[in-house]
Amino acid sequence: MRDRGIILTGLALFLGLVTFPAWYNLARGATSRGPDIKLPATEKQCVAPTAYMRASHMDLLVDWREQVVREGNRTYRAPDGKVYTVSLTGTCMLKCHTVKEDFCDRCHNYAAVRSPYCWDCHVDPKLVKPLAHGSAAASEPRPSGSGSSTLAGPLAYARGSVSASEPRPSGSGSSTLAGPLAYARGSVSASEPRPSGSGSSTLAGPLAYARGSVSASEPRPSGSGSRSAP
Amino acid sequence: MTITRQAFFRMTGLAALAQAGRRLMAAVAPRRWAMVVDAQKCLRDQGCTRCIQACHRAHNVPTLPRPNHQVAWIWKERYERAFPSQRNEYTAETFKDKPVLVLCNHCDNPPCVRVCPTRATWKREDGLVMMDWHRCIGCRYCVAACPYGSRSFNWVDPRPHLPELTADFPTRSKGVVEKCTFCEARLAQGRPPACVEACPDKALVFGNLADPDSEVRKLLRARYTIRRKPELGTQPQIFYIV
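About the criteria used
- Residues numbered from 1 in each chain as written.
- Chains lettered and ligands numbered in written order.
- Predicted model: local features only at pLDDT ≥ 70, side-chain atom pairs only at ≥ 80, totals over all residues.
- Heavy atoms only, no water.
- Helix = DSSP H or I, 4+ residues; strand = E, 2+ residues; numbered from the N terminus.
- Buried < 20%, exposed > 50% of the residue type's maximum accessible area, 1.4 Å probe, protein only.
- Contact = heavy atoms within 4.5 Å.
- Areas by Shrake-Rupley, 256 points an atom, 1.4 Å probe, with all protein chains shown as cover.
- Patch = residues over 30% accessible without salt bridge, like charges linked within 9 Å, V, L, I, M, F, W, Y side chains within 5 Å.
- Salt bridge = Lys/Arg side-chain N within 4 Å of Asp/Glu carboxyl O.
- Axes fitted to C-alpha atoms, helices over the stretch in contact; angles between N-to-C directions.
- Parallel < 35°, antiparallel > 145°, perpendicular 65-115°, else oblique.
- Nonpolar A, V, L, I, M, F, W, Y, C, P; charged D, E, K, R; others polar.
- Core = buried A, V, L, I, M, F, W, Y, C linked by side-chain atoms within 4.5 Å.
- Pairing = 2+ DSSP bridges.
- pLDDT = per-residue confidence, 0-100.
- Polar contact = N/O pair within 3.5 Å; in protein donor to acceptor, adjacent residues only side chain to side chain.
- Phe/Tyr/Trp six-rings, centres within 6.5 Å; stacked < 30°, edge-to-face > 60°.
- Lys NZ or Arg CZ within 6 Å of the ring centre and 35° of its normal.

The next point concerns the overall build of chain B. Within chain B, the secondary structure is distributed over 9 helices and 10 strands. Within the span of chain B, comprising 242 residues, buried residues form 55% of the whole. The long-range fraction of contacts in chain B, counting pairs at least 24 apart against all pairs at least 6 apart in sequence, stands at 64%. As displayed, chain B offers around 11200 Å² of accessible surface, 52% of which is attributable to carbon and sulfur atoms.

Okay, structure coming up:
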């Protein structure tokens, strides 16, 4: 064993190199820190309890997507009874999480989740130049008769349709179906002292179930159905 | 962990009620969106593109450098191309080689819907031919099926070609088909489509065909209108006063 020194040094070096990332992160204090997200200043409560949003916001967003695009249902009643307009950019981003990098991206980066393809199409408000947009709208030579034509439009519309199509944000009654659903969801995530791993999967069960029953029931755009329902 | 029996029955009951209510409303107050384009009015100012600009700005439709990549929801087409069956040697001077405004016809019998393998495009109960870009796989069957060329395929990523983005509306991504949706998001808010609102001459009239007192029905009663390629049986719902 004449080479004991060399072998041991080599081993020590090897082990040190291999475990370097762990040491490095420990030394930096990065391992014990959660993602450093910036919470919105204006709102205290998200559309669902934090625990649920943390584990299943993607399910909620997919659910919202189906509701808006396929069913035409644009309002959502939160577990706390508040009614929101369903819109990723309009509600989630513009109302609360105004800076995507400070919220979405920080958590996704922390969890090493690739930035989801939502943003291939949906607009990060940061990309909208408010000045350019505003001035464009202002500088556009408004047609002279535009006032009357905009008036005629909705009028014709109202006459044509009994204005059936708008489940307005204020009309909380219109989303009766979203209500119990949201409750079911809310109570699930609330009643479940969620252990890290299994939480999301236990949540997925009733959710998928709830979602299934929604798509079976099809609360239709127009609010026509849901309005006469209650 | 599980849904309570009560919650389940409540949800099922509400769902059934909502379905019944929807059917009832559809029977009591049916809706069928349609548009009348006054091509004569439209010809007064042939350089006017206000409706096109308004639409394309509202929906983040890009202007692409290569013409064969072009994406359009509403555009102007030569009369002879828009109405090939109307073409003859003696086409009236008023329309010969003149631009006509064209857009998705929101057909009653839409061939694009029949061929879509993923149901990314479908006809809503109010007659609107809707698109779900989340579900589009870019097979372009619909592009081939549409006899009006109303559908555009995104050959390139549209984002770099949008000088300004509108936050209200998403863009599309490369590999997705898009077309006019009759501004269904605006309809849901009770507003008329962007093109209709932008037209200074009120050459575009939008409304409910199912309502005999609606403005479109009044126009259709009062004026003679034609439709694009009616011989194909697609029952287009854009009517042209010529």
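Residues and elements named next belong to chain A. On the surface, Ile7, Leu8, Leu11, Phe14, Leu15 and Val18 cluster together to form a nonpolar patch covering roughly 590 Å² of accessible area. Tracing the backbone shows Ile7 in helix H1 (residues 4–18). Exposure remark for Ile7: the relative accessible area of 48% places this residue in the partly exposed category.

All names here are of chain A. With their axes 4 Å apart at the nearest point, H1 and helix H2 (residues 20–28) run at an angle of 60° to one another. Taken together, the axes of H1 and H2 lie oblique to each other. Contacts from Gly16, Leu17 and Val18 in H1 reach Phe20, Pro21 and Trp23 in H2. Here the contact of H1 with H2 is composed, by residue class, of 5 nonpolar, 1 polar and no charged.

Here we take up the nonpolar core. Grouped together as the largest cluster of nonpolar side chains are 53 residues, with contacts concentrated most on Met35(B), Ile74(B), Leu101(B), Phe182(B), Leu204(B) and Tyr240(B). Looking at which element gives the most residues to this core, the answer is strand S3 (residues 99–103) of chain B, with 4 residues. Residue contacts for Tyr240(B): discarding those within four places in its chain leaves Val37(B), Phe83(B), Val100(B), Leu101(B), Val102(B), Leu103(B), Tyr224(B), Thr225(B), Ile226(B) and Arg228(B). With 16 residues, the next largest nonpolar core counts Met53(A), Val68(A), Tyr76(A) and Cys92(A) among its residues.

All names here are of chain B. With a phi angle near 55°, Asn60 is a residue other than glycine that sits in the positive phi range. Along the polypeptide, Asn60 turns up in the loop between helix H3 (50–58) and strand S2 (74–78). Judged by its relative accessible area of 1%, Asn60 is buried. In this structure, Cys183 takes a positive phi of about 55° despite not being glycine.

Residues and elements named next belong to chain B. Within S3, 4 of the 5 residues are buried, leaving the element largely enclosed by the surrounding structure. Sheet topology places S2 next to S3; 5 bridges connect them, and they run antiparallel. What sits directly across from Glu77, in S3, is Val100.

With that out of the way, let us pick up the confidence of the model for chain B. Here chain B shows a mean pLDDT of 92. Residues at 70 or above account for 99%. In the model output, the complex is listed with pTM 0.70 alongside ipTM 0.84.

Time to look at the sheet that holds strand S9 (residues 225–226) of chain B. Residue and element names in this part refer to chain B. Pairing within the open sheet is mixed, and its 4 strands lie in the order S8-S1-S10-S9. A single partner strand is all that each edge strand has here, and the edge strands are strand S8 (204–208) and S9. Note: strand S1 (residues 33–38) against strand S10 (residues 238–241), 4 bridges, orientation parallel. Bridge assignment links Met35 to a residue of S10, and that residue is Ile238.

Residue and element names in this part refer to chain B. By the definition in use, this model includes 24 salt bridges over all chains. Linking Arg44 and Asp201 is a salt bridge whose minimum nitrogen-to-oxygen distance equals 3.7 Å. Within this pair, whereas Arg44 is found in helix H2 (residues 39–44), its partner Asp201 is found in the loop between helix H8 (194–198) and S8, the two being separated by 157 residues in sequence. Overall, the relative accessible area of 60% leaves Arg44 in the exposed class.

With that out of the way, let us pick up the side chain of Thr181(B). Residues and elements named next belong to chain B. Its place among the elements puts Thr181 in the loop between strand S7 (177–178) and helix H7 (184–188). Residue class for Thr181 comes out buried when judged on its relative accessible area of 4%. Once residues within four sequence positions are removed from consideration, Thr181 is found in contact with Trp73, His106, Leu128 and Trp133.

What follows is about the side chain of Glu80(B). Residues and elements named next belong to chain B. Among the structural elements, Glu80 can be located in helix H4 (residues 79–82). A distance of 3.0 Å separates the side chain of Glu80 from the backbone nitrogen of Asp97, its partner in a polar contact. Sequence-distant contacts of Glu80, defined by excluding residues within four places in its chain, comprise Arg87, Phe95, Lys96 and Asp97.

With that out of the way, let us pick up the packing of aromatic side chains. Evaluation of the coordinates by the stated rule reveals 12 aromatic pairs over all chains. On the basis of an interplanar angle of 55° and a centroid distance of 5.3 Å, the ring pair of Trp64(A) and Tyr76(A) is categorised as tilted. Within this pair, whereas Trp64(A) is found in helix H3 (residues 50–71), its partner Tyr76(A) is found in strand S1 (residues 75–77), the two being separated by 12 residues in sequence. Under the relative-accessibility criterion, Trp64(A) is labelled buried at 5%. Sitting over the face of the ring of Trp122(B), Arg70(A) holds its NZ or CZ atom 3.8 Å from the ring centroid. When the ring centre of Trp133(B) is taken as reference, the NZ or CZ atom of Arg172(B) above it lies at 5.0 Å.

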